Amino acid sequence: MDVLIRPMKLEDISQVHEIDVQSFSLPWPERSFRYELTENQTSRLWVAEVGDPGDARIVAMMVLWLILDEAHIGTIAVHSDYRRMGIGRKLLAHALLHAVDEGVASVFLEVRRSNHQAQSLYAQFGFTLDGIRPRYYQDTGEDALLLSLSGLQEASTRAHLLKILLSQSGEQALMGG
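The structure presented is a predicted model; accordingly, all values stated were derived computationally and were not measured.

### Here's the deal with the overall build of the protein
For step 1, the next point in the chain: Looking only at helices and strands, the protein has 5 helices and 8 strands in total.
For step 2, the next point in the chain: What you see in the protein, going N to C, is helices and strands ordered as β-α-α-β-β-β-α-β-α-β-β-α-β.
For step 3, the next point in the chain: For the protein, whose C-alpha radius of gyration is 15 Å, the value lies close to the compact-globule estimate of 16 Å for 177 residues.
For step 4, the next point in the chain: Considered along the principal axes of its C-alpha atoms, the protein spans approximately 45 × 40 × 30 Å.
For step 5, the next point in the chain: Relative to all contacts within the protein whose residues are 6 or more apart in sequence, the contacts with residues 24 or more apart total 65%.
For step 6, the next point in the chain: A distance of 4 Å separates the average location of the 16 positive side-chain charges in the protein from that of its 23 negative side-chain charges.

### Details of the environment of Gly54
For step 1, the next point in the chain: Relative to the helices and strands, Gly54 resides in the loop between β2 (43-50) and β3 (57-67).
For step 2, the next point in the chain: As a C-alpha pair, Gly54 and Val104 span 50 residues in sequence and 34 Å in three-dimensional space.

### Topic: the nonpolar core
For step 1, the next point in the chain: If you look at the biggest cluster of nonpolar residues, it comprises 40 residues, and the most contacted ones within it are Ile73, Leu92, Val107, Tyr122, Phe125 and Phe127.
For step 2, the next point in the chain: Apart from residues no more than four positions distant in its own chain, Phe127 is found in contact with Ile73, Val107, Leu109, Tyr122, Leu147, Ser148 and Leu149.
For step 3, the next point in the chain: Formed by 12 residues, the second largest nonpolar core is a distinct cluster that contains Ile19, Leu45, Val63 and Ala77.

### A look at the confidence of the model for the protein
A low pLDDT means the predicted coordinates there should not be read in detail.
For step 1, the next point in the chain: The share of residues in the protein with pLDDT of 70 or more is 94%, and the mean pLDDT across the chain is 90.
For step 2, the next point in the chain: Every residue in residues 169-177 is under pLDDT 50, and counting partners more than four places away or in other chains gives 28 contacts.

### Overview of the pairing of β2
For step 1, the next point in the chain: Burial of β2 is extensive: 7 of the 8 residues sit out of reach of the surface.
For step 2, the next point in the chain: Pairing of strand β1 (residues 3-7) with β2, which is carried by 5 bridges, proceeds in the antiparallel orientation. Bridge pairing links Pro7 to Trp46 in β2.
For step 3, the next point in the chain: Across 8 bridges, β2 lies against β3 in antiparallel orientation. In the strand pairing of β3, Ser43 is matched with Trp65.
For step 4, the next point in the chain: Linking two consecutive strands that pair antiparallel, namely β2 and β3, is a turn of 6 residues; a positive phi of about 110° is found at Gly51 within it.

### Description of the side chain of Asn40
For step 1, the next point in the chain: By the element assignment, Asn40 lies in the loop between α2 (30-38) and β2.
For step 2, the next point in the chain: For Asn40, a relative accessible area of 18% translates into the label buried.
For step 3, the next point in the chain: Among the polar contacts listed, one links the side chain of Asn40 to the side chain of Thr42, at a separation of 2.7 Å.
For step 4, the next point in the chain: With residues near it in sequence (within four places) discarded, Asn40 still touches Tyr35 and Trp65.

About the cut-offs
Residues numbered from 1 in each chain as written. Predicted model: local features only at pLDDT ≥ 70, side-chain atom pairs only at ≥ 80, totals over all residues. Heavy atoms only, no water. Helix = DSSP H or I, 4+ residues; strand = E, 2+ residues; numbered from the N terminus. Rg over C-alpha atoms; globule rule 2.2 N^0.38 Å. Contact = heavy atoms within 4.5 Å. Lys, Arg positive; Asp, Glu negative; His and termini not counted. Charge placed at Lys NZ, Arg CZ, Asp CG, Glu CD. Core = buried A, V, L, I, M, F, W, Y, C linked by side-chain atoms within 4.5 Å. Buried < 20%, exposed > 50% of the residue type's maximum accessible area, 1.4 Å probe, protein only. pLDDT = per-residue confidence, 0-100. Pairing = 2+ DSSP bridges. Polar contact = N/O pair within 3.5 Å; in protein donor to acceptor, adjacent residues only side chain to side chain.

So this is what it looks like as structure tokens:
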């Protein structure tokens, strides 16, 4: 299955929101994605799609904020029908490579303590635990783990990201945007 990773467009928002609602107990409202796409100059929004042009389906999304030489992952999710296929890995690698091209040296995120699948993904990239935000998530009072990845401007890190992007299951990596 070919996966195209490209910048999000306004017409993607309804499918992106569906993935967000399906994936999180505290999903973003559609207007938040619209704001990030049209008004927030620090946002970089990405989607992964599968299918033929004209009949493609959005199967994953990501929002990344760039602040000087740092990035913060606001959200990332893969549609449940497409999980465990390496799409999230490709999407994250693609977004981080583009962030590196924009001068980003480190990236940060919060993840639920119970989200072991996401933690496993981040570990493959070399993210490390920096701390804990107690009772961060309003719906359950669950703690957030604070993770970071540094050294993004190093050649070895870029090579690692490219390897991840190009490796999964022999799929052809198609890089849009």
